[in-house]
Amino acid sequence: YIALYTDSQDSMAAADNHDRVTMKAQTTTIDDAVRSIISYVQDSGLWRDTLIVFSSDNGGQKLFGDNAPLRGYKNTSWEGGVRSAAFVTGGCCSMTDALRGSTFSYPMHVTDWYATLLSAAGLEVQYVRSTRLYQSSAVDETWSNTPRIQLNGMNMWPFITQHQTDDAFFENEREILLNVNNVWCPFSSCGALRRGRFKYIRGDNVGTLLPEYDGSDWDRSFVYDAIAAEQWCQERRDEFAAYHGVSITFDSMVNSVGCQSTETGCLFDLTLDPCEYYDLSAVYPELQASLQQRLDAYQSESVVPLMGENYANELASKAEIDPQTVCANPNFWCPYKSYDQVEWEHQLYASMKVTDEDVDADQYVMRTLSVLPFMSLWLATCVGIYLVCNHEKKRKHGYFTTAESTRLELQPLVVH
């Protein structure tokens, strides 16, 4: 497969860019594998009972992925990082010939698939907790008293297969959290949030991949016609200016370079500006403030990462979960604890709650301390915090200066 692309016309896919060649070869192997699977299903007479969903998880990676003409890459929250193509096909579940080749443009989040696929199968969401254990006759009561959690996704099947529309809802109300990440965030919250046609993004930790990418360019390296890509980004420029009451007097409508680094963040109209050129935060300060407060709320509700963020409060270090050291087969990820050893999230965070008895005990201890020992303890704590923070600052400096450090960032999926 690599041989197919070593002599490619792609200016950055020649032999001097092995990663680009490898990525294209891998994509071709997926194409061939999907063709083989579908051919087998059809030849076996299973097509009428089959629904196929094909979707990527994020945009292409910097240096060898192609997200043009959109802005950004994998591990960023720009549209090039979170927006992806997808399709559904098959012979069941209302997939009629009239639907084939049609497109669906409402924004859809990966969490929508659960309710959507249940609907496609004619099922309703139910809260059923299994009490069976693997290879055991014992009854598992671990989840018997846990609360029900509202589903994040919505059923999109009527919009996909029945041409149902709700332009007002998707234009003005549909809210999709793309990312929230307080690791290396200097603000009250960092991340990206979409509400209707508007998108809000704030924080270099979700908008840059330094030193390779500072969020300020739109890569056209792999595009055969860069001029056409630029024209697509600005084809609704005049409509954009009239709709939002702004004047664009320069050749490019780009005014958003570096806006993610500011306290205010960036605000975009993805309907008329899908390439995220023009920051509207100064035009709609109330909307910007509303989305910022909403992102703050999401951050306040989020929990400390359990693992994998290289974060001081994580509950499992990378060494504890590295398949090279904890898995019988080091080539695959595996559970690093047995089921009966795991403290589940609801147990972990329940144990962290402070009770009235704890508060009373703390107050009693404080009252018994004399002023001098208390002041000594306070000064020692301050010195300790200073030394730790100084050490951490030196250790963590440059987190955004290597591609490897950003490789582990995960992004939610939005498919259009």
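Bear in mind the structure is a predicted one, so any value in this text is a computation, not a measurement.

**Looking at the environment of P330**
Structurally, the position occupied by P330 is in the loop between α11 (323-326) and α12 (345-350). Residue P330 is classed as partly exposed on the basis of its relative accessible area of 32%.

**Focus on the state of the cysteines**
Any covalent bond linking the sulfur atoms of two cysteines counts as a disulfide. In total, this model carries four disulfides according to the counting rule given. Each sulfur of the disulfide joining C233 and C275 lies 2.1 Å from the other. Measuring the twist about the S-S bond at about -75 degrees, one finds the C233-C275 disulfide to be left-handed. Taken as a pair, C233 in helix α7 (residues 226-234) and C275 in the loop between β10 (266-269) and α9 (285-301) lie far apart in primary sequence, 42 residues in all. Here C327 engages in a disulfide with C334; their sulfurs sit 2.1 Å apart.

**Observations regarding the nonpolar core**
With 19 residues, the main nonpolar core has F240, V246, I248, M253, Y277, Y278 and L280 as its most contacted residues. For this core, the secondary-structure elements that each account for two or more residues are β9 (198-202), α8 (237-244) and α9. Looking at this core element by element, the count peaks at three residues for α9. If sequence neighbours within four positions are ignored, V246 has contacts with F240, A241, Y278 and V283. W78, L178, L209 and L270 belong to the second-largest nonpolar core, a separate cluster that totals 14 residues.

**Points about a nonpolar patch on the surface**
On the surface, Y114, V125, Y127 and L151 cluster together to form a nonpolar patch covering roughly 350 Å² of accessible area. Residue placement: L151 occurs in the loop between β6 (136-139) and α4 (157-161).

**Overview of the pattern of salt bridges**
Enumeration according to the criterion identifies 14 salt bridges in this entry. Salt-bridge contacts for K199 lead to E79; the nearest nitrogen and oxygen are separated by 3.0 Å. Separated by 120 residues along the polypeptide, K199 in strand β9 and E79 in helix α2 (residues 79-82) bring together distant segments of the chain. One exposure class covers both K199 and E79, and it is buried. When the shortest N-O distance is used, the salt bridge between D269 and R197 registers 3.0 Å. Residue D269 is found in strand β10, and its partner R197 is found in the loop between β8 (191-195) and β9; the two are separated by 72 residues along the sequence. The class of D269 is buried, set by a relative accessible area of 0%. A residue is classified by how much of its surface remains accessible, and R197, at 6% relative accessible area, is buried.

**Examining the side chain of R194**
Along the chain, R194 falls in strand β8. This buried residue, R194, is left without a salt bridge; E79 holds the nearest opposite charge, at 4.4 Å.

How each quantity is defined
- Residues numbered from 1 in each chain as written.
- Predicted model: local features only at pLDDT ≥ 70, side-chain atom pairs only at ≥ 80, totals over all residues.
- Heavy atoms only, no water.
- Helix = DSSP H or I, 4+ residues; strand = E, 2+ residues; numbered from the N terminus.
- Buried < 20%, exposed > 50% of the residue type's maximum accessible area, 1.4 Å probe, protein only.
- Disulfide = S-S within 2.5 Å.
- Core = buried A, V, L, I, M, F, W, Y, C linked by side-chain atoms within 4.5 Å.
- Contact = heavy atoms within 4.5 Å.
- Patch = residues over 30% accessible without salt bridge, like charges linked within 9 Å, V, L, I, M, F, W, Y side chains within 5 Å.
- Areas by Shrake-Rupley, 256 points an atom, 1.4 Å probe, with all protein chains shown as cover.
- Salt bridge = Lys/Arg side-chain N within 4 Å of Asp/Glu carboxyl O.
- Lys, Arg positive; Asp, Glu negative; His and termini not counted.

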